[in-house]
Amino acid sequence: MQERNISAKNFEQCQKCSVCETVCPVMANNPDYPGPKRSGPDGERYRLKNGIFFEDSLKYCLNCKRCEVACPSGVRIADLIQQARIDYGRHTPKLRDTMLASTDQMGPLASTFAPVVNLALGLGPVKGLLDATIGLDHRRTMPKYASKTFVNWFRKHAADKQDAFQRHITYFHGCYANYNYPQLGKDFVTVMNAFGYGVHIMHGERCCGVAKIANGLIPAATRDAAVNMKLFRKSVEEGREIVTVSTTCTLTLLEEYPELLQVDNSDVKSHISLAEQFLYKALESGEIKAVWKEGYKAKAAYHCPCHQKRLGLGILTTELLGMIPGLELTELADSCCGIAGTYGFKKENYKVSQLIGRPLFDSIAAAAPEFVACECETCKWQIEMSTGVPVKNPISILAEALDLEKTAEANRQ
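Residues numbered from 1 in each chain as written. Predicted model: local features only at pLDDT ≥ 70, side-chain atom pairs only at ≥ 80, totals over all residues. Heavy atoms only, no water.

Student: I would appreciate a short explanation of the nonpolar core in the present structure.
Tutor: For soluble globular proteins, the rule of thumb is that nonpolar side chains tend to be buried together. Among the nonpolar cores identified, the biggest contains 89 residues, and Phe188 and Leu279 are the most heavily contacted of them. Other than its neighbours up to four places away in sequence, leucine 279 contacts Val191, Met192, Phe195, Ile288, Leu320, Ile395 and Leu398. Grouped together as the second largest cluster of nonpolar side chains are 26 residues, Leu58, Cys64, Val75 and Val352 included. (Core = buried A, V, L, I, M, F, W, Y, C linked by side-chain atoms within 4.5 Å. Buried < 20%, exposed > 50% of the residue type's maximum accessible area, 1.4 Å probe, protein only. Contact = heavy atoms within 4.5 Å.)

Student: For this particular structure, what's the right way to read the pattern of salt bridges?
Tutor: Side chains bearing opposite charge may pair, as long as their charged atoms lie close to each other. In the structure shown here, the tally under the stated rule is 29 salt bridges. As a salt-bridge pair, aspartate 42 and lysine 16 come within 3.0 Å of each other at their nearest N and O atoms. Taken together, the residues aspartate 42 in helix H2 (residues 36-49) and lysine 16 in the segment before helix H1 (19-23) connect sequence positions 26 residues apart. Residue classification places aspartate 42 among the buried positions, given a relative accessible area of 15%. The class for lysine 16 is partly exposed, based on a relative accessible area of 47%. (Salt bridge = Lys/Arg side-chain N within 4 Å of Asp/Glu carboxyl O. Helix = DSSP H or I, 4+ residues; strand = E, 2+ residues; numbered from the N terminus.)

Student: What's the story with the packing of aromatic side chains in this structure? I'm lost.
Tutor: For any pair of aromatic rings, geometry is given as the distance between the ring centres together with the angle between the planes. For the structure on display, the rule yields nine aromatic pairs. Here the aromatic rings of phenylalanine 150 and tyrosine 171 are separated by 5.5 Å at their centres, their planes lie at 80 degrees, and the arrangement is edge-to-face. Separated by 21 residues along the polypeptide, phenylalanine 150 in helix H9 (residues 150-157) and tyrosine 171 in strand E1 (residues 167-172) bring together distant segments of the chain. Comparing phenylalanine 150 with tyrosine 171, the two get one shared label, buried. These aromatic residues form a ring-pair network of at least three members: Phe150, Trp153, Phe154, Tyr171 and Phe188. Over the ring of phenylalanine 345 we find arginine 140, and its NZ or CZ is 5.3 Å from the ring centre. Lying across the ring of tyrosine 181, lysine 380 places its NZ or CZ 5.4 Å from the centre. (Phe/Tyr/Trp six-rings, centres within 6.5 Å; stacked < 30°, edge-to-face > 60°. Lys NZ or Arg CZ within 6 Å of the ring centre and 35° of its normal.)

Student: Explain the packing of H9 against helix H11 (residues 182-194) here, please?
Tutor: Axis angle and axis distance: for two packed helices, these are the angle between their axes and the distance between the axes, and together they describe the pair. Here H9 crosses H11 at 40 degrees, and the two axes come no closer than 9 Å. Comparing their axes, H11 and H9 come out oblique. Between H9 and H11 the crossing geometry is right-handed. Of the residues in H11, those in contact with Phe150, Trp153 and Phe154 of H9 are Pro182, Gly185, Lys186 and Val189. Split by residue class, the contact of H9 with H11 holds five nonpolar, one polar and one charged. (Axes fitted to C-alpha atoms, helices over the stretch in contact; angles between N-to-C directions. Parallel < 35°, antiparallel > 145°, perpendicular 65-115°, else oblique. Left-handed = near helix turned anticlockwise from the far one by under 90°. Nonpolar A, V, L, I, M, F, W, Y, C, P; charged D, E, K, R; others polar.)

Student: For this particular structure, what's the right way to read helix H14 (residues 247-260)?
Tutor: In an α-helix, one turn spans 3.6 residues; hence positions three or four apart end up facing the same way. At leucine 253, H14 shows its maximal bend, which comes to roughly 40 degrees. Most of H14 is tucked away, with 13 of its 14 residues classed as buried. Following H14 by one or two positions, glutamine 262 adopts a phi angle in the positive range, close to 55 degrees. (Bend = angle between axes of the 7 residues up to and from the residue.)

Student: Would you explain a nonpolar patch on the surface in this entry?
Tutor: Among the surface-exposed residues, Tyr46, Ile52 and Phe53 lie close enough to one another that they form a single nonpolar patch of about 350 Å² accessible area. Within the element layout of this structure, tyrosine 46 appears in helix H2. On the accessibility criterion, tyrosine 46 (48% relative accessible area) is partly exposed. (Patch = residues over 30% accessible without salt bridge, like charges linked within 9 Å, V, L, I, M, F, W, Y side chains within 5 Å. Areas by Shrake-Rupley, 256 points an atom, 1.4 Å probe, with all protein chains shown as cover.)

Student: When you look at the sheet that holds strand E2 (residues 197-200) in this model, what are you seeing that I'm missing?
Tutor: Adjacent strands of a sheet pair through backbone hydrogen bonds, lying either parallel or antiparallel. A sheet is described by the order of its strands in space; here four strands give the open sequence E2-E1-E3-E4, paired in parallel fashion. Whereas interior strands pair on both sides, the edge strands pair on one side only; in this sheet they are E2 and strand E4 (272-274). Here the average twist between neighbouring strands, direction ignored, is 40 degrees. In the sheet, strand E3 (residues 241-244) pairs with E4 via three bridges, with the strands oriented parallel. Bridging across to E4, threonine 244 finds its partner in leucine 274. Strand contacts of H14: E1, E3 and E4, with the helix running at about 155 degrees to E4, the strand carrying the most contacts. (Pairing = 2+ DSSP bridges.)

Below is the structure:
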């Protein structure tokens, strides 16, 4: 077992006020989960005496980090729970868990045979078989794969155009934009180019590791983190900031690497930012200019993902989207969608996952938007499956709302 990394999680600062328990979405819907206070700081005191006090009920934690946002003392409650799972968990990952977490291995294979894979994963008998054999719930709609990855598109159609720009950034595209929805990556390149930024990608980029951490594949997650950090350092040395489009990827790179994997990122942490954060600051400072399409109109509702809330970046997204003339934006009530990455795909978690998400689904129904704006891909899967309302990343909304030619012209002057 690796040396325990709990010093920064300040569990002794817990005041036992139980505020964390009032915001925990799992505790409210699963009686088997003792809650963040008992699982985190209270349990840590016992675990430090003897690891025998570890409880398997910690597996029910979503790692949504809503407890950390609510804690008045800044205790890293969710990290305490995840660290305990890493240090004391007695179960090896199941085949299902390994498959869900190994996106760098499953993604290329699924993309190669995307039409067949997508068809098969949508068939009732296949879903029933996966439910009975490996525990993927048959009620869950599986994400589709693209036949052509974003990386392949970029290399063929965009890479040779990027050196023409004066300013440059590095794009951490993540697994979702690469294997599942390349259009998001294309939208990102289109928007950044219009604002005058050349986009570069990193050869050998690995998954951020969040799914591996959640499913107990810690050595593999640590290796991937080390590879990514080497690439990040090279980007920073070459003068490029690193920009992401996924909330959870961003949180993992910034927070989970040092806290849970003990991979130091202190030298590059300040150079990593979510796209909405990066663009809002550049627009607000006047560094870049936006020209919007005349006549653009849309009615949207914004869902702030839990990890976005933990990073404190939700306000920047709403401010950025608020710049778009003709966009009617409703901020949805603060609630968790319930999917928590791979958590909601598992048979034993599906019911609780849907119960957690119900208030959000009802809020969306009441708002009756044309689409939901959200930075998290797994929130997108949960919302679209459970409500039928399409979900768009804010970057894709910008790609639709901007007059791209006039924006590019304005940023060349």
